Amino acid sequence: MLIMSKHLRTDEVYVLKIGGSVLTEKGKERKARKSAIKRISEAIALALAHSSRKNLILVHGAGSYGHPQAKVYLESGEVKDALITHESAKELNRMVISSLMEFGPRAMPIHPLSGVVSKGPEIKYKIKEQIELALKAGIIPVLHGDVILDEKEGFRILSGDQLVVYAAKELKASKVGVGTDVDGVLNDNGAVIRRITPPEADKMSIKGSEHVDVTGGMKEKVYLLARLASQHNIPSILFNASKESNVYKFLTDDENLFGTVISV
Ligand code: IP8
């Protein structure tokens, strides 16, 4: 656990997303995996302490605290259902933050509903300064998949993956990690593809999730991360955050972290 990379630089910005399938039971409604939340918070605390890494932006998915509720909203179009989705996603966010604080790191929420809007095809993010100032103050900003106000349609869904791409781009991240409950992107034989370049990503057929997933699952992740690599030269790694020590490995630049790297 204490082995650190020789190349570690502490001023770089890392963006880490933990998927809702890791933090919650996705087949149920509002069911958290408390032990996973605790394990990941502890891994983050240890990695930050061991590496003196300062700039971590954490994003989490909504899992069973967002997808079933968002599906209800998308079917009903009722404002009430959109707000229930938001409240529910916030509940998971609160659990993540409390758990992090118990292990030491200071963490604060940034709720997309309060700082991101959608206008036509464009998403307008007004959260850059909050993220920057939080990092400057030594606080981990914790963002999450949410509903956001839309100019025409009332609300729309903003995924944690979109937030990852935004934050990585705006804060010039040097590394992005996306932890899910699988070992990486799988090929048709179920084996992990170790590296995907943007042109390869465009040609791939990727299987979807077996649970309710209103934001596109693995396919959308690969698409978004491939664009992050091709347009901004920011590499990412998709790895299994349900496995002990992978989050720690990501944050401490352990070269043995197994997963799918998406890079140019
Ligand atoms: O879990 C989804 O975010 P994701 C957000 O990152 C909602 O895909 C509200 C379903």
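Being a predicted model, the structure only gives us computed values, none of them experimental.

Engineer: Explain the pattern of salt bridges here, please?
Structural biologist: Working definition: two side chains of opposite charge can pair if their charged atoms are close together. A complete count under the given rule lists ten salt bridges for this structure. Glu 170 serves as the salt-bridge partner of Lys 128, at 3.4 Å between the closest nitrogen and oxygen. Of the two residues, Lys 128 is situated in helix α5 (residues 128-136) and Glu 170 in helix α6 (residues 160-170); the sequence distance between them amounts to 42 residues. Judged by relative accessible area, Glu 170 falls into the partly exposed class, the value being 30%. Here Lys 175 and Asp 253 are joined by a salt bridge, their closest N and O atoms 2.6 Å apart. Separated by 78 residues along the polypeptide, Lys 175 in strand β9 (residues 175-180) and Asp 253 in the loop between α9 (246-251) and β12 (259-262) bring together distant segments of the chain.

Engineer: Where do I start with the site of the ligand in this structure?
Structural biologist: Neighbouring the ligand are 15 residues; Lys 17, Ala 62, His 67, Gly 160 and Thr 215 lie closest to it. Within the side chain of Lys 17, a nitrogen or oxygen atom sits 3.0 Å from an oxygen atom of the ligand. Residue Ala 62 places a main-chain N or O atom 2.9 Å away from an oxygen atom belonging to the ligand. Protein burial of the ligand: of its 320 Å² of free accessible surface, 97% is covered by the chains. Counting residues per element, the ones that place at least two in the shell around the ligand are α3 (67-76) and β8 (154-158).

Engineer: Is there a simple way to explain the packing of helix α2 (residues 34-51) against helix α4 (residues 79-103) in this structure?
Structural biologist: Any two packed helices are characterised by the angle at which their axes cross and by the distance between the axes. The geometry of α2 relative to α4 is characterised by a closest axis approach of 8 Å and an angle of 45° between their N-to-C directions. Classed by the angle they form, the pair α2 and α4 counts as oblique. As for how α2 packs across α4, the hand of that crossing is right-handed. Of the residues in α4, those touching α2 at Lys 34, Ile 37, Lys 38, Ser 41, Glu 42, Ile 44 and Ala 45 are Leu 92, Met 95, Val 96, Ser 99, Leu 100 and Phe 103.

Engineer: Teacher, can you tell me more about the environment of Ser 76 here?
Structural biologist: Summarising the element assignment, Ser 76 is placed in helix α3. Residues Ser 76 and Leu 100, 24 residues apart in the sequence, show an inter-C-alpha distance of 35 Å. Separated by 3.1 Å, the side chain of Ser 76 and the backbone nitrogen of Glu 78 make a polar contact. In terms of polar contacts, Ser 76 uses its side chain to reach the side chain of Asp 81, at 2.5 Å.

Engineer: Help me out: how do you make sense of α6 in this one?
Structural biologist: One full turn of an α-helix is made of 3.6 residues, so residues set three or four places apart face in the same direction. Of all eleven residues in α6, nine are buried, a share of seventy percent or more. Among the residues of α6, those classed as buried are Gly 160, Asp 161, Gln 162, Leu 163, Val 164, Val 165, Tyr 166, Ala 167 and Ala 168. Two residues or fewer after α6 comes Lys 172, characterised by a positive phi angle close to 50°.

Engineer: Any chance you could explain the packing of aromatic side chains here in plain terms?
Structural biologist: We describe a pair of aromatic rings using the distance from one ring centre to the other and the angle between the two ring planes. A complete count under the given rule lists four aromatic pairs for this structure. Summarising the aromatic geometry, the rings of Tyr 125 and Tyr 166 are spaced 3.9 Å apart at their centres and angled 10° between planes, so their arrangement reads as stacked. Of this pair, Tyr 125 sits in strand β5 (residues 122-125) while Tyr 166 sits in helix α6, placing them 41 residues apart in sequence. For the ring pair Phe 239 and Phe 250, a centre distance of 5.8 Å and an interplane angle of 20° mean the geometry is stacked. Residue Phe 239 is found in strand β11 (residues 236-240), and its partner Phe 250 is found in helix α9; the two are separated by eleven residues along the sequence.

Engineer: Sorry, what's going on with the pairing of β12 here?
Structural biologist: The side chains of a regular strand alternate between the sheet's two faces. Two strands pair when backbone bridges link them, and strand β10 (residues 195-196) and β12 are joined in this way by two bridges, in the parallel orientation. Directly across from Arg 195, in β12, lies its bridge partner Val 261. The sheet contact formed by β11 and β12 spans four bridges and is antiparallel. Looking at the pairing, Ser 236 lines up with Ile 262 of β12.

Engineer: What should I look at first to understand the side chain of Asp 146 in this one?
Structural biologist: Residue placement: Asp 146 occurs in strand β7 (residues 146-150). The buried charged residue Asp 146 lacks any salt bridge partner; its closest oppositely charged side chain belongs to Lys 90, at an N-O distance of 8.0 Å. Engagement of the side chain of Asp 146 in a polar contact is seen with the backbone nitrogen of Leu 113, the distance being 3.0 Å. With residues near it in sequence (within four places) discarded, Asp 146 still touches His 86, His 111, Pro 112, Leu 113, Arg 156, Ile 157 and Leu 158.

Basis of the calculations
- Residues numbered from 1 in each chain as written.
- Predicted model: local features only at pLDDT ≥ 70, side-chain atom pairs only at ≥ 80, totals over all residues.
- Heavy atoms only, no water.
- Salt bridge = Lys/Arg side-chain N within 4 Å of Asp/Glu carboxyl O.
- Helix = DSSP H or I, 4+ residues; strand = E, 2+ residues; numbered from the N terminus.
- Buried < 20%, exposed > 50% of the residue type's maximum accessible area, 1.4 Å probe, protein only.
- Near = heavy atom within 4 Å.
- Polar contact = N/O pair within 3.5 Å; in protein donor to acceptor, adjacent residues only side chain to side chain.
- Areas by Shrake-Rupley, 256 points an atom, 1.4 Å probe, with all protein chains shown as cover.
- Axes fitted to C-alpha atoms, helices over the stretch in contact; angles between N-to-C directions.
- Parallel < 35°, antiparallel > 145°, perpendicular 65-115°, else oblique.
- Left-handed = near helix turned anticlockwise from the far one by under 90°.
- Contact = heavy atoms within 4.5 Å.
- Phe/Tyr/Trp six-rings, centres within 6.5 Å; stacked < 30°, edge-to-face > 60°.
- Pairing = 2+ DSSP bridges.
- Lys, Arg positive; Asp, Glu negative; His and termini not counted.

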